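Coordinates in review
What follows is the residue order along each chain.
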Amino acid sequence: MSHLLAQVLCQLIYFESGQKDRRIKIRSDNEKPNIYYTVQLFYRDVISIQRMNPKKSLRLKYWFWNRQYLVVPLVPLLLCWLPILFNDPIGYTAYIIIIMAIYWCLEIIPLAATALLPIVLFPLFGVLKSDDVCRQYLKDTNVLFFGGLMVAIAIEEWNLHRRIALRVLLLVGTKPVWLMFGFMITTAFLSMWMSNTATTAMMIPIANAVLVQLRDKDSENTKDDCLVEECPPHDATMKNGEANSGYEKNGTADTIEDSVEIVVKPTNHGEEERRRHYDRMVKGITLAVPYAANIGGTATVTGTAPNLVLSNQIDSLYGSEANVSFSTWMMIGLPCMLICLLLAWLWLQFLFLDSFKFWKKKVPQTKEQEDRAQETIQKQYAELGPMSFAEKAVLVHFVILVALWLTRDPKFVPGWAAFFIPKFVTDSTTVIAICMALFCFPSEPMSFLWQPITWDEIPTSKEENRVAKQTKTIPPLLNWRSVERKMAWGVIFLLGGGAAMAEACKASGLSSWLGGELVVFGSLAPGVMVLIISFIVAAFTEITSNTATAIIFLPIFAELAVGLGVNPLYIMIPATLSCSYAFMLPVATPPNAIAFSHGTISVMDMAKTGFMLNILCVLVANMTISTFGVWVFDVQTFPSWAEAGTTVAPTTPGAINCSQYTQEMYTAGA
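The rules behind each value
- Residues numbered from 1 in each chain as written.
- Predicted model: local features only at pLDDT ≥ 70, side-chain atom pairs only at ≥ 80, totals over all residues.
- Heavy atoms only, no water.
- Helix = DSSP H or I, 4+ residues; strand = E, 2+ residues; numbered from the N terminus.
- Buried < 20%, exposed > 50% of the residue type's maximum accessible area, 1.4 Å probe, protein only.
- Contact = heavy atoms within 4.5 Å.
- Areas by Shrake-Rupley, 256 points an atom, 1.4 Å probe, with all protein chains shown as cover.
- Salt bridge = Lys/Arg side-chain N within 4 Å of Asp/Glu carboxyl O.
- pLDDT = per-residue confidence, 0-100.
- Core = buried A, V, L, I, M, F, W, Y, C linked by side-chain atoms within 4.5 Å.
- Phe/Tyr/Trp six-rings, centres within 6.5 Å; stacked < 30°, edge-to-face > 60°.
- Expected span 1.5 Å × (residues − 1).
- Bend = angle between axes of the 7 residues up to and from the residue.
- Polar contact = N/O pair within 3.5 Å; in protein donor to acceptor, adjacent residues only side chain to side chain.
- Axes fitted to C-alpha atoms, helices over the stretch in contact; angles between N-to-C directions.
- Parallel < 35°, antiparallel > 145°, perpendicular 65-115°, else oblique.
- Left-handed = near helix turned anticlockwise from the far one by under 90°.
- Nonpolar A, V, L, I, M, F, W, Y, C, P; charged D, E, K, R; others polar.
- Patch = residues over 30% accessible without salt bridge, like charges linked within 9 Å, V, L, I, M, F, W, Y side chains within 5 Å.

The next subject is the overall build of the chain. Across its full length, the chain holds 30 helices and two strands. In the chain, buried positions account for 50% of the 670 residues. For the chain, restricting intrachain contacts to residue pairs at least 6 apart in sequence, the fraction spanning at least 24 positions comes to 80%. When the accessible surface of the chain is totalled, it reaches about 32300 Å², and 64% of it is carbon and sulfur.

Structure, rendered in structure tokens:
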């Protein structure tokens, strides 16, 4: 099939380049053509065309660069047979979902723009009313995400996250092993509450500044030793040709400042081993930051978008009875995150710091190098100055928010939500209350309430009054202009699009139909099936947005679980965690791309490191659901809320049966 596809592509190129009579030579032996041979042949012919006819070759490039204008209308046309053949709500819903899935996978238009398609297509096809679709875009889970990002913006505004990071690095020391541990634990903790991209963009320059100080000081002035240069960073290769935003692949990424590429030029054979050791250490610590950011986001329900997609899908399909709240998710996510982080730390040590390699001699860092690195961290920490009133206030608000989240409904004891009407107060209520407090709390003490005012301070003109207003007006801890500038609005629409898809699957009966068709997997043991699903999702998310991956697969897995009589959370939680385990490619996640853009690591470094880390993390996720999941969600039993959430394929009132409509019109005309 791949060989035939390559032939078709080559024929199109030959036709465009004027070589209409050229044909691909097919192998004459009895062996089946493989994809490697086909790609080699295709690449060779394309290169030859470029040399023979550069103008036509340039036109082909123009076609490729503007492919979205061809693919966007072509996909619905190629799939138009689906709603014609299956002329019912199930067929219409499948048609719309497949179109959105292709757009999301190819990213020919922004992910958030694709997420708005349900507002147009579901009402037009009579699957859902427009009011029912639009209601999905601002559900409780979306508001929770919105409020969590506003708190994160307040933390970033007052540099509290940078202070926390530098303080932890000062505590762990500058030995390479513990320095790596410090960067990983700090990045993971911040990623639990903030954007993974923003955390990585902040931590990578700090790591580079420290790594520069860990090189041999004598090498700076000696020609016979290694030479370290600062070079412009490489461009990060991102999907859709643009940088990606905080939570997932849409929007605009945070600006990366002070980036350096560390290039080591060997000039002395005696120092070659030390240079190689330094090179490996640079690669290991550079990779540790994005990996910790990806892993850290899995600990909380607001840490990364796939977790919120799961919460949204569960709420849409089964209601609030499933109770995937902040506290219950953290009971599973936090242990899983800590184990994965520990394994990642040990694996990176083994690969890049020669730890646990007893057959290799280590090259220790000198005391002078460690002191210089410590001084660099202390200098950056000193530049922040003493902790300001605003930082303390934001920290207090953040601690209160986390405490309220954890104690709202801790399960083993009644939470504070028991004092209110049941199911009226949720995690979004708490976070919006804290955000309102941030909008109203001053960033400086209101000293004018108790300090005396002198006659010199009284303005005597309009200009002096204007200046006094500007200087004496105390800004709040959070202002709306910062929210507008830094909010990941696209992710909110992306979550809404996923919720609309889940609601359409349930209303049209597509989810029930899928559940019945997937019963064939019942021959597999549930644990084996979940493990296979997790590996499939982890592989898929390497080339596709993790948010889009969760939106596409989670409704299918939910109906698969119901069809097999398995708790949906038993399949959906490991699959959701696997969406964040994208460690192999720079384009897999924005944190990976940021680390790769600094030029200290190659694609092969990331691939060989991330491959084993993917396997380890998927195994840990499956182990966690089989242990902590039994305690928190009782995943070994089929819950009543899942049985109540199943639907029989209904006839949607708004759906139009085209065949019946045509027959009625013909009869009426006769």
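Our focus in this paragraph is the pattern of salt bridges. Scanning the entire structure with this criterion turns up eight salt bridges. Notably, a salt bridge pairs D132 with R135, separated by 3.0 Å at the nearest N-O pair. The residue K486 makes a salt bridge to E157 at a minimum N-O spacing of 3.1 Å. Highlighted residues: K486 in helix α21 (residues 480-486) and E157 in helix α10 (residues 140-157), separated in sequence by 329 residues. Taken together, the salt bridges that share partners define one network made up of D131, D132 and R135.

Across the chain, the average pLDDT comes to 76, with 74% of residues at or above 70. When pLDDT is averaged over each helix and strand of the chain, the minimum, 41, is found for strand β1 (residues 227-231) and the maximum, 93, for helix α8 (residues 117-124). Confidence drops under a pLDDT of 50 for residues 1-9, and excluding neighbours within four residues, the segment shows 12 contacts in the predicted structure. Low pLDDT (under 50) marks residues 217-267, which in the prediction has 140 contacts with non-local residues, meaning those over four places away or in another chain.

Here the focus is the nonpolar core. Membership of the largest hydrophobic core comes to 164 residues, with the highest contact counts inside it found for W104, F183, M184, F557, I573 and Y581. Sort the elements by how many residues they give to this core and helix α16 (residues 326-353) lands first, with 14 residues. Sequence-distant contacts of Y581, defined by excluding residues within four places in its chain, comprise T298, C336, C340, A538, T541, E542, N614, C617, V618 and A621.

Before going further, it helps to spend a moment on the packing of aromatic side chains. The final tally for this structure, using the stated rule, is 20 aromatic pairs. Residues W193 and F326 carry aromatic rings whose centres are separated by 6.0 Å and whose planes lie at 25° to one another, so their mutual orientation is stacked. Of this pair, W193 sits in the loop between α12 (176-191) and α13 (196-213) while F326 is found in helix α16, placing the two residues 133 residues apart along the sequence. With relative accessibility at 10%, the residue W193 sits in the buried group. By relative accessible area, which is 0% here, F326 ends up buried. When the centroid spacing of 5.1 Å and the interplanar angle of 70° are considered together, the rings of Y291 and F583 count as edge-to-face. Taken as a pair, Y291 in helix α14 (residues 272-296) and F583 in the loop between α26 (568-579) and α27 (590-596) lie far apart in primary sequence, 292 residues in all.

Moving on: the side chain of T93. By the element assignment, T93 lies in helix α6 (residues 89-106). Once residues within four sequence positions are removed from consideration, T93 is found in contact with F122, V127, A504, C505, S508 and L510.

Moving on to helix α17 (residues 367-383). Since the α-helix turns once every 3.6 residues, residues separated by three or four places project in the same direction. With 17 residues, α17 should reach 24 Å at 1.5 Å per residue; the first-to-last C-alpha distance of 24 Å fits that figure. Those residues of α17 that sit buried are Q369, E370, R372, A373, Q374, T376, I377 and Q380. Structurally, α17 contributes buried residues whose contacts are with α11 (160-172), α12 and α13. Note on α17: the residue one or two positions beyond its end, G385, has a positive phi of about 75°.

Let us look at helix α25 (residues 546-564). In a regular helix each residue adds 1.5 Å, so 19 residues correspond to 27 Å; α25 covers 26 Å between its end C-alpha atoms and thus fits that length. The sharpest bend along α25 reaches about 30° and sits at F553, with the proline P555 one to four residues further on. Taken across its 19 residues, α25 has 16 buried, putting it largely inside the fold. Two or three places before T547, at the opening of α25, S545 has a side-chain oxygen 3.3 Å from that residue's backbone nitrogen.

Next up on the list: the packing of α11 against α13. Any two packed helices are characterised by how steeply their axes cross, that is the angle between the axes, and by the distance between the axes. Orientation of α11 relative to α13, taken along the N-to-C sense of each, is 40°, at an axis distance of 11 Å. As judged from the angle between their axes, α11 and α13 are oblique. Where α11 crosses over α13, the handedness of that crossing is right-handed. Residues H161, R162, A165, L166 and L169 of α11 form the contact with α13, whose own contacting residues are M202, M203 and I206. Across the contact of α11 with α13, the residue classes break down as six nonpolar, one polar and one charged.

A contiguous nonpolar patch, built from V520, F521, L524, V528, I532 and I536 and spanning about 510 Å² of accessible area, is present on the exposed surface. Of note, I536 is situated in helix α24 (residues 526-540). Owing to a relative accessible area of 47%, I536 belongs among the partly exposed residues under this scheme.

With respect to the secondary-structure elements, V566 resides in the loop between α25 and α26. Here V566 falls in the buried class, since its relative accessible area comes to 11%. Counting along the chain gives 70 residues from V566 to Q636, while the straight-line C-alpha distance between them is 7.5 Å. Residues contacting V566, with those up to four places away along its chain left out, are A561 and F638.

By secondary structure assignment, the location of T627 is in helix α28 (residues 603-632). On a C-alpha basis, the gap between T627 and I332 in space is 9.1 Å, while along the polypeptide they are 295 residues apart.

Turning our eyes to something else, we now look at the environment of S578. Note on placement: S578 falls in helix α26. The exposure class assigned to S578 is buried, which follows from its relative accessible area of 0%. For the pair S578 and N622, spaced 44 residues apart in sequence, the C-alpha separation works out to 9.6 Å. If sequence neighbours within four positions are ignored, S578 has contacts with S534, V537, A538, T541 and V618.

The residue N159 is not glycine, and still its phi comes out positive at about 60°. Within the chain, D634 stands out as a residue other than glycine whose phi angle is a positive 55°. Note on D634: relative accessible area 37%, which makes it partly exposed.

Right, let's get into the packing of α16 against α26. Running from amino to carboxyl end, α16 crosses α26 at an angle of 45°, the nearest separation of the two axes being 12 Å. Considering their axes alone, α16 and α26 lie oblique with respect to each other. Here α16 and α26 pass one another in a crossing that is right-handed. On the side of α16, the interface is formed by W329, I332 and C336, while α26 contributes I573, T576 and L577. For the contact of α16 with α26, the per-class residue count stands at five nonpolar, one polar and no charged.

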